[in-house]
Amino acid sequence: MDHRDPPGIIAPHIPADAYRRAEATGQPVVIVVHDTAAASFPWQRLLLPFAIAGAAALGTWGVVAALCWLMDVASHTATVIAGAAGPVGVGGITLKLARSKSN
């Protein structure tokens, strides 16, 4: 008797004639379940953590690059403003904020 169960069945069915023969003779019934799982390493298990770590690293480098650009723009802006303002004096103390171009 060729009996095949559809995949995903929890407990395989034992044909009645095999069960009755085993019950009458006292022989054990051996059930063989073929596992369809792959024997190789599951790369999908590693893909998600590496993708998250890569995205976090790229995001961190992006934030660092944006902060460096912002500091560069701020320093150039402060230099331009200081050069345009000329000397600043408070209470008799005069500070020259930027050097003149003619040295």
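Residues numbered from 1 in each chain as written. Predicted model: local features only at pLDDT ≥ 70, side-chain atom pairs only at ≥ 80, totals over all residues. Heavy atoms only, no water.

### As for the overall build of the protein chain
Per the secondary structure count, the protein chain includes 2 helices and 2 strands. Expressed as a percentage of the 103 residues in the protein chain, the buried residues total 3%. Looking at the protein chain as shown, the accessible area adds up to about 9600 Å², and 67% of this sits on carbon and sulfur atoms. (Helix = DSSP H or I, 4+ residues; strand = E, 2+ residues; numbered from the N terminus. Buried < 20%, exposed > 50% of the residue type's maximum accessible area, 1.4 Å probe, protein only. Areas by Shrake-Rupley, 256 points an atom, 1.4 Å probe, with all protein chains shown as cover.)

### Side note on the confidence of the model for the protein chain
Confidence in the prediction for the protein chain averages 79 pLDDT; 71% of positions are at 70 or higher. The lowest-confidence element of the protein chain is strand β2 (residues 93–96), averaging 68 in pLDDT; the highest-confidence one is helix α2 (residues 44–85), averaging 91. (pLDDT = per-residue confidence, 0-100.)

### Quick word on the environment of Ile-31
Mapped onto the elements of the fold, Ile-31 is located in the loop between α1 (16–25) and α2. With 17 residues separating them in the primary sequence, Ile-31 and Ile-14 have C-alpha atoms 8.2 Å apart.

### Notes on a nonpolar patch on the surface
Together, Val-63, Leu-67, Trp-69, Leu-70 and Val-73 line one region of the surface with nonpolar side chains, adding up to about 510 Å² of accessible area. By the secondary structure assignment, Leu-70 is in helix α2. A residue is classified by how much of its surface remains accessible, and Leu-70, at 47% relative accessible area, is partly exposed. (Patch = residues over 30% accessible without salt bridge, like charges linked within 9 Å, V, L, I, M, F, W, Y side chains within 5 Å. Salt bridge = Lys/Arg side-chain N within 4 Å of Asp/Glu carboxyl O.)

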